[in-house]
Amino acid sequence: MYYKNHIWIMLVSLAAGIACVMLNKIAPETIVIIIGTMFVAAGVINIAFILSTKTKIEEKKQRPSFSNFVTSLAATILGTWLIIAPEDNIALITRIISIIVILGSGYLLFSMLVYFRNVRFRLGFYILPAAILAIGIWMMISPMTFASFLVLTAGIILITYSIAVGLELLVLKAFERQMKKSVPQNDSPEEITSETSDFSV
């Protein structure tokens, strides 16, 4: 399951990154408006769904989810604000992107250092996720530095992230093949990765 999920993450990141690089001439304000429209659409659709199912929920003597309604309303308001004043929200969007970048690269490093701690990754394999993490922190601290080329930056980060995920998967597959030669075939991948090994890549 880990491999399948990360293969999809790698492919989607690569496709999105290539699209961003090809469309890098799009103005940041346009990106803000597009994101705002997505927020508004998601919020309005969710509110409409909550109101349309309210009668059925009341018939079952249940309360409609207040938290879902508040979240949808907040998304609609935020999206409207992004559409009305895109120039004022470029820094906000950049910081949101930086949070996603930090979480993604942080998770990749965490999985290499903790979840797959028994796999001895060479130092070079930590360079890409560490570089992405550093860029994410830089974007958070100084968002306007990236404002004029935000789409291109996002594209490069996505492509780099997909490469980092691909390299991690190659190492893990090689590790799994190595371990299968030394353990019974009925052991699961989870049991294999939990064992200590001197395998180095």
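Draft legend 1. How the structure looks around the overall build of the protein. Counting its regular elements, the protein contains eight helices and zero strands. Overall, the protein shows an N-to-C arrangement of helices and strands of α-α-α-α-α-α-α-α. Residue burial in the protein is summarised as follows: out of 201 residues, 36% are buried. Sequence-distant contacts in the protein: of pairs separated by 6 or more residues, those separated by 24 or more amount to 77%. For the protein, the exposed surface amounts to about 12,300 Å²; the carbon and sulfur share of it is 70%.

Draft legend 2. Looking closely at a nonpolar patch on the surface. Residues Ile7, Trp8, Leu11 and Val12 make up a contiguous nonpolar surface patch of roughly 430 Å² in combined accessible area. Residue placement: Leu11 occurs in helix H1 (residues 2-22).

Draft legend 3. Quick peek at the packing of helix H6 (residues 127-141) against helix H7 (residues 150-180). Packing of H6 against H7 brings their axes to within 9 Å, and their N-to-C directions diverge by 155°. By the criterion of interaxial angle, the relationship of H6 to H7 is roughly antiparallel. At the point where H6 passes H7, the crossing takes the left-handed sense. The segment H6 lies against H7, with Leu128, Pro129, Ile132, Ile135 and Met139 engaging Leu150, Thr153, Ile157, Thr160, Tyr161, Ile163, Ala164 and Leu167. Residue classes in the contact of H6 with H7 are distributed as 11 nonpolar, two polar and no charged.

Draft legend 4. Representation of the packing of aromatic side chains. Enumeration over the complete set of coordinates arrives at two aromatic pairs. With centroids separated by 5.0 Å and ring planes inclined at 80°, the aromatic side chains of Trp138 and Phe146 adopt a geometry described as edge-to-face. The exposure class assigned to Trp138 is partly exposed, which follows from its relative accessible area of 48%. Pairwise contacts between aromatic rings join Trp138, Phe146 and Phe149 into one cluster.

Draft legend 5. Expanded view of the nonpolar core. In terms of nonpolar packing, the biggest core is built from 27 residues, with Ile93, Ile97, Leu108, Val119, Phe121 and Met139 touching the most fellow members. At the level of elements, helix H5 (90-115), H6 and H7 are the ones that each hand at least two residues to this core.

Draft legend 6. Seen up close, helix H2 (residues 28-52). Between its terminal C-alpha atoms H2 stretches 36 Å, which fits the 36 Å expected from 25 residues at 1.5 Å a residue. All of the buried residues along H2 are Pro28, Ile31, Val32, Gly36, Val40, Gly43, Ile47 and Ile50.

Draft legend 7. Structural view of the confidence of the model for the protein. Here the protein averages 77 in pLDDT, and 81% of its residues register 70 or above. Across the protein, the secondary-structure element scoring lowest on mean pLDDT is helix H8 (residues 189-194), at 48, and the one scoring highest is H6, at 90.

Draft legend 8. Up close: the environment of Ala19. By the secondary structure assignment, Ala19 is in helix H1. A residue is classified by how much of its surface remains accessible, and Ala19, at 32% relative accessible area, is partly exposed. Linking Ala19 and Leu152, residues 133 residues apart in sequence, is a C-alpha distance of 9.5 Å.

Draft legend 9. A look at the environment of Ile163. Here Ile163 is to be found in helix H7. Expressed as a C-alpha distance, the spacing of Ile163 and Pro129, which sit 34 residues apart in the sequence, is 9.6 Å.

Draft legend 10. Layout of the side chain of Ser111. Checked against the element boundaries, Ser111 lands in helix H5. Exposure remark for Ser111: the relative accessible area of 2% places this residue in the buried category. Side-chain polar atoms of Ser111 contact the backbone oxygen of Leu108, separated by 2.8 Å.

Draft legend 11. Broad picture of the environment of Met22. Note that Met22 resides in helix H1. C-alpha separation for the pair Met22 and Gly155, spaced 133 residues apart in sequence, amounts to 8.6 Å.

The rules behind each value
Residues numbered from 1 in each chain as written. Predicted model: local features only at pLDDT ≥ 70, side-chain atom pairs only at ≥ 80, totals over all residues. Heavy atoms only, no water. Helix = DSSP H or I, 4+ residues; strand = E, 2+ residues; numbered from the N terminus. Buried < 20%, exposed > 50% of the residue type's maximum accessible area, 1.4 Å probe, protein only. Contact = heavy atoms within 4.5 Å. Areas by Shrake-Rupley, 256 points an atom, 1.4 Å probe, with all protein chains shown as cover. Patch = residues over 30% accessible without salt bridge, like charges linked within 9 Å, V, L, I, M, F, W, Y side chains within 5 Å. Salt bridge = Lys/Arg side-chain N within 4 Å of Asp/Glu carboxyl O. Axes fitted to C-alpha atoms, helices over the stretch in contact; angles between N-to-C directions. Parallel < 35°, antiparallel > 145°, perpendicular 65-115°, else oblique. Left-handed = near helix turned anticlockwise from the far one by under 90°. Nonpolar A, V, L, I, M, F, W, Y, C, P; charged D, E, K, R; others polar. Phe/Tyr/Trp six-rings, centres within 6.5 Å; stacked < 30°, edge-to-face > 60°. Core = buried A, V, L, I, M, F, W, Y, C linked by side-chain atoms within 4.5 Å. Expected span 1.5 Å × (residues − 1). pLDDT = per-residue confidence, 0-100. Polar contact = N/O pair within 3.5 Å; in protein donor to acceptor, adjacent residues only side chain to side chain.

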